[in-house]
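# Overview (structure and organization)
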Amino acid sequence: MKSVLCSLPDVLVCLPCFAIDSTDTPWKKRVLQPDTQTRGHDKGALWFKGPGFLPIEIDKEINGPHSLELVDLDNDGDIDAVICGRFADSIAAWYENDGAANFKRRVIGRDQGSYDTRTADLDSDGDLDILIAGHFSANLIWFENPAK
């Protein structure tokens, strides 16, 4: 049985309604940084940049990061990050990469928890918008990108 993806037009929402083909080739597991605290669900966010996979601090202070999207959000040729915490009083932020892996936090929303975060051009204006599926906030939020 092949995978089936549940979605709505123009908005992709992942739901537990798919089956996995058990004949897929197994993926090889590699431990990138065995002695590094990754901080998942605690405080702070790291990026393990390849090919050496050394940790780069994105944000030391974000509380309870739960979802992450890596994408060139400002269309300047480098990878930016979108992160949102899991609690109802968390922040949603994007992190502007200056091209040298230095990130500047740009808060786009407060009192927003997340289960998942995605980017897509939801309004067909040529830039990427941010879509957050709420966790404890139990909502679906679209943050329209003001850049054109």
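Scroll up for the structure.
Structure report, in brief. Remember, predicted model here, so these are calculated numbers, not experimental data. (Residues numbered from 1 in each chain as written. Predicted model: local features only at pLDDT ≥ 70, side-chain atom pairs only at ≥ 80, totals over all residues. Heavy atoms only, no water.)

### Digging into the sheet that holds strand β7 (residues 116-120)
Judged by pairing direction, the sheet is antiparallel, and its 3 strands sit side by side in the order β7-β8-β9 without closing on themselves. The strands lining the two open edges of the sheet, one partner per strand, are β7 and β9 (140-143). When strand polarity is set aside, the average angle formed by the axes of neighbouring strands in this sheet is 20°. Here 4 bridges tie strand β8 (residues 129-133) to β9, and the two strands are oriented antiparallel to one another. Within the sheet, the bridge partner assigned to I132 lies in β9 and is I141. (Pairing = 2+ DSSP bridges. Helix = DSSP H or I, 4+ residues; strand = E, 2+ residues; numbered from the N terminus. Axes fitted to C-alpha atoms, helices over the stretch in contact; angles between N-to-C directions.)

### Notes on the sheet that holds strand β3 (residues 65-71)
The strands making up a sheet associate through backbone hydrogen bonding, with each pair oriented either parallel or antiparallel. The antiparallel open sheet is built from 4 strands, whose spatial order is β3-β4-β5-β6. On the outer flanks of this sheet lie β3 and β6 (103-110), each paired with one strand and no other. Along the sheet, successive strands turn relative to each other by an average axial angle of 20°, direction set aside. Bridging between strand β4 (residues 80-85) and strand β5 (residues 91-97) involves 4 bridges; their strand directions are antiparallel.

### Thoughts on the nonpolar core
One finds A45, W47, I56, I58, I62, A81, I83, I91, A93, Y95, A101 and F103 forming the largest nonpolar core, which totals 12 residues. Put simply, the parts of the chain that give this core at least two residues each are β1 (43-49), β2 (54-63), β4 and β5. Apart from residues no more than four positions distant in its own chain, A81 is found in contact with I58, L68, E69, L70, A93, W94 and Y95. By size, the runner-up hydrophobic cluster in this structure holds 9 residues, among which are V82, C84, W94 and I130. (Core = buried A, V, L, I, M, F, W, Y, C linked by side-chain atoms within 4.5 Å. Buried < 20%, exposed > 50% of the residue type's maximum accessible area, 1.4 Å probe, protein only. Contact = heavy atoms within 4.5 Å.)

### A short note on the side chain of T117
Secondary-structure assignment places T117 in strand β7. Residue T117 is classed as buried on the basis of its relative accessible area, which comes to 0%. There is a polar contact of 2.4 Å between the side chain of T117 and the side chain of S67. Apart from the residues lying within four places of it in its own chain, the contact partners of T117 are S67, L68, E69, V82, C84, I130, L131 and I132. (Polar contact = N/O pair within 3.5 Å; in protein donor to acceptor, adjacent residues only side chain to side chain.)

### Concerning the pattern of salt bridges
Under the counting rule described, the total for this entry stands at 5 salt bridges. Across the salt bridge formed by D59 and R105, the nearest N and O atoms sit 2.7 Å from each other. Of this pair, D59 sits in strand β2 while R105 sits in strand β6, placing them 46 residues apart in sequence. Under the relative-accessibility criterion, D59 is labelled buried at 8%. On the basis of relative accessibility, which here comes to 35%, the residue R105 falls in the partly exposed class. The partner of R106 in a salt bridge is E96, and the shortest N-O contact between them spans 2.5 Å. (Salt bridge = Lys/Arg side-chain N within 4 Å of Asp/Glu carboxyl O.)

### As for the pairing of β7
Of the two faces of β7, the one holding T117 and T119 is buried and the one holding D116, R118 and A120 is not buried anywhere. Bridging between β7 and β8 involves 5 bridges; their strand directions are antiparallel. Counted as the bridge partner of T117 is I132 from β8.

### Regarding the side chain of S90
For S90, the location among the structural elements is in the loop between β4 and β5. Using a relative accessible area of 5% as the deciding quantity, one classes S90 as buried.

### Let's talk about the environment of H66
Mapped onto the secondary structure, H66 falls in strand β3. Linking H66 and G85, residues 19 residues apart in sequence, is a C-alpha distance of 5.0 Å. Engagement of the side chain of H66 in a polar contact is seen with the backbone oxygen of S114, the distance being 3.0 Å.

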